[in-house]
Every structure is written in structure tokens, then in C-alpha cells.
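Geometric and topological summary
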Amino acid sequence: MYRLTNIEKRRLIESIQAAYAIPFIHDITDFIWEAMFSYVRDIPIVDPLQNTRKKLLYDVVDQSSGIGWSAKAIQKSLNLPTAFEIVIQRADIFKKSADLGFEPLTIDSSPQILGKALLKHWYKKVQGDADEQGVTQKRICILLKSLDRTKYSYFEENITEYSAEDLQWQWTDNTRTGLQGVRKKDDFVVFRWYPNPKQLFERFHLSGDAFTFSLEPRRLPPDELVHLLLARLNRR
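Now for a description of the structure that goes with this document.

What counts as what
Residues numbered from 1 in each chain as written. Predicted model: local features only at pLDDT ≥ 70, side-chain atom pairs only at ≥ 80, totals over all residues. Heavy atoms only, no water. Helix = DSSP H or I, 4+ residues; strand = E, 2+ residues; numbered from the N terminus. Buried < 20%, exposed > 50% of the residue type's maximum accessible area, 1.4 Å probe, protein only. Contact = heavy atoms within 4.5 Å. Areas by Shrake-Rupley, 256 points an atom, 1.4 Å probe, with all protein chains shown as cover. Lys, Arg positive; Asp, Glu negative; His and termini not counted. Charge placed at Lys NZ, Arg CZ, Asp CG, Glu CD. Expected span 1.5 Å × (residues − 1). Patch = residues over 30% accessible without salt bridge, like charges linked within 9 Å, V, L, I, M, F, W, Y side chains within 5 Å. Salt bridge = Lys/Arg side-chain N within 4 Å of Asp/Glu carboxyl O. 1 Å grid on protein atoms, 1.4 Å probe; cavity = no way out; pocket = protein on both sides within 12 Å on 5 of 7 lines; lining within 4 Å. Points joined across faces, edges and corners; volume = space filled by probe spheres on them. Nonpolar A, V, L, I, M, F, W, Y, C, P; charged D, E, K, R; others polar.

Moving on, we come to the overall build of the chain. A count of helices and strands for the chain gives five helices and ten strands. Taken along its principal axes, the extent of the C-alpha atoms in the chain is 65 × 40 × 30 Å. The proportion of buried residues among the 236 residues of the chain is 44%. Sequence-distant contacts, at least 24 apart, represent 63% of the contacts inside the chain between residues at least 6 apart. When the accessible surface of the chain is split by element, carbon and sulfur atoms take 50% of a total near 13200 Å². Counting 34 positive and 31 negative side-chain charges, the chain places the centres of these two groups 1 Å from one another.

The end-to-end C-alpha distance of helix α1 (residues 6–21), which contains 16 residues, comes to 23 Å, matching closely the 22 Å that a straight helix rising 1.5 Å per residue would cover. For α1, every residue scored as buried is listed here: E8, R11, L12, S15, I16, A19, Y20 and A21. Next to the buried residues of α1 lie α2 (30–40), β4 (137–145), β5 (151–158) and β10 (212–214).

Quick look at a nonpolar patch on the surface now. Together, F24, V226, L230 and L233 line one region of the surface with nonpolar side chains, adding up to about 380 Å² of accessible area. Tracing the chain through its elements places F24 in the loop between α1 and α2. Residue classification places F24 among the exposed residues on the basis of a relative accessible area of 57%.

Before going further, it helps to spend a moment on the layout of surface pockets. Taken as a whole, the largest pocket holds about 1100 Å³ of empty space. Lining the largest pocket are 44 residues, and of these K54, L56, L57, Y58 and D59 lie nearest its centre. Contributing elements (two or more residues each) for the lining of the largest pocket: α2, β1 (60–62), β2 (67–75), β3 (82–90), α4 (111–133), β5 and β9 (199–206). Tallied by class, the residues present in the lining of the largest pocket amount to 21 nonpolar, ten polar and 13 charged. In this model, the second largest pocket occupies a volume close to 360 Å³. Forming the boundary of the second largest pocket are 14 residues, of which S15, A18, A19, I22 and I25 lie nearest the centre. Secondary structure elements with two or more residues in the lining of the second largest pocket: α1, α2 and α5 (222–234). Among the elements that take part in the lining of the second largest pocket, α2 stands out by supplying four residues, more than any other. Among the residues forming the lining of the second largest pocket, the class breakdown is 13 nonpolar, one polar and no charged.

By themselves, these are just geometric observations and shouldn't be taken as functional.
Right, dumping it as C-alpha cells:
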């Protein structure tokens, strides 16, 4: 797991405080988190007003180092250590079975074959987008937020590319509504896949010594914020 420097920690806390000061922002999600993370890492922010956003995996890319991050922000009860999961891909492996080299694939296919197809589908995205975006170091960064938005934890690590031999795949029960990919070395459930709605989740472990902090979100009055920003813009 990667750790922020003291300067980056300060910038993260301050950027969250600044974001919540804006009464027009409901939460830290999607582009807001991507832009904040770029600020934390001192990487130029890719402004969607000036650039067309593409559905590529790496939301933030440091062109100088080749590091690319898939940036996520989620709600989670933060009693560390803890496990959490996020949606990483819509994986319709039945529809794409021929392209994946596993035709035919059905709900009756063996769990191991389905798991191999899921890994191939996911890592095709991981590597394909890395090649397109010039990423040589593939990472994920996640901001975890308590439900009341007063407590936060930061998570960053390399995107793990498992081999088929690393995982054991099994249905959660006889209904076959969920498929689990279990890491053999420690029996940790790494992946969950649901045939309907065809979503693939990855599961992570957040250690007790992860960077965690508390703050109290405070809003500026809308009129005060608008006048402050317009006055600053008019001075440019």
C-alpha cells in the first residue's frame, strides 16, 4: 500500500474542506475526487470543460512518471481494519464469450471457466487502457468516507493482476446469483460477480494503520461564495 507524504496529507484535508465549503456541491464523487486527487499529487487537472472525457480506466495520469490511477470515492463505516468492495467493471462475459475465447459460456459453465473469462475481460481493460493512456504503473486510489462525512481514510495500491491459479471460483449458493473469486493463499474473497446486472466487484482490505482523519464539513453562505468568486474572477 502506498502512503501520502505529509504535504499531500495536508492538501487532501484542505481540499476536502474547500469542496464542502461550496454549497452547490453535494458530495465528493467522480470528477470532484479526480480533480482533488490531482491537486493532492500536484498533477495538472484535466478540465472537462476543455477536454472530452473518455471512458478509460485511469482517471488521473502523471505523464512524467507513467503512473495512472483509477480513482474511486465510496461511503463506508470506518472501523479499521476493514474490508470493502467497489464496482470495477460491467462484465457481460456471456455476450463476449467468443471474443474472450471461451465460447460458449452459460450460467451452467463451470465456475473456474467463468472466473478465467472474467479475469481475461477485466485485465484486457486494465492493460488496453494503460497502453492507450501511456500508463506503466497501474494503481487504484480510493477515498473512503463515513456516512456523516466527518471521518475519512485513504487507500492506494497497485492494481493486482491475478493469474487463474491464484483464485478459486465458486457460487455463493445454489441460486447462482453471485460468483466469488477467492484468493487461495488466505481465503480472502477478492472478486464478486453477479450475472444480473453483470457487475464485477473487487474487494480490498484496509489496514488499521491507513491514513485516517476527521473533519467537520462547513458551508459558506451561497451569496458570500458567489460574490467572493466573481470578485476574484473580475480581477483577472
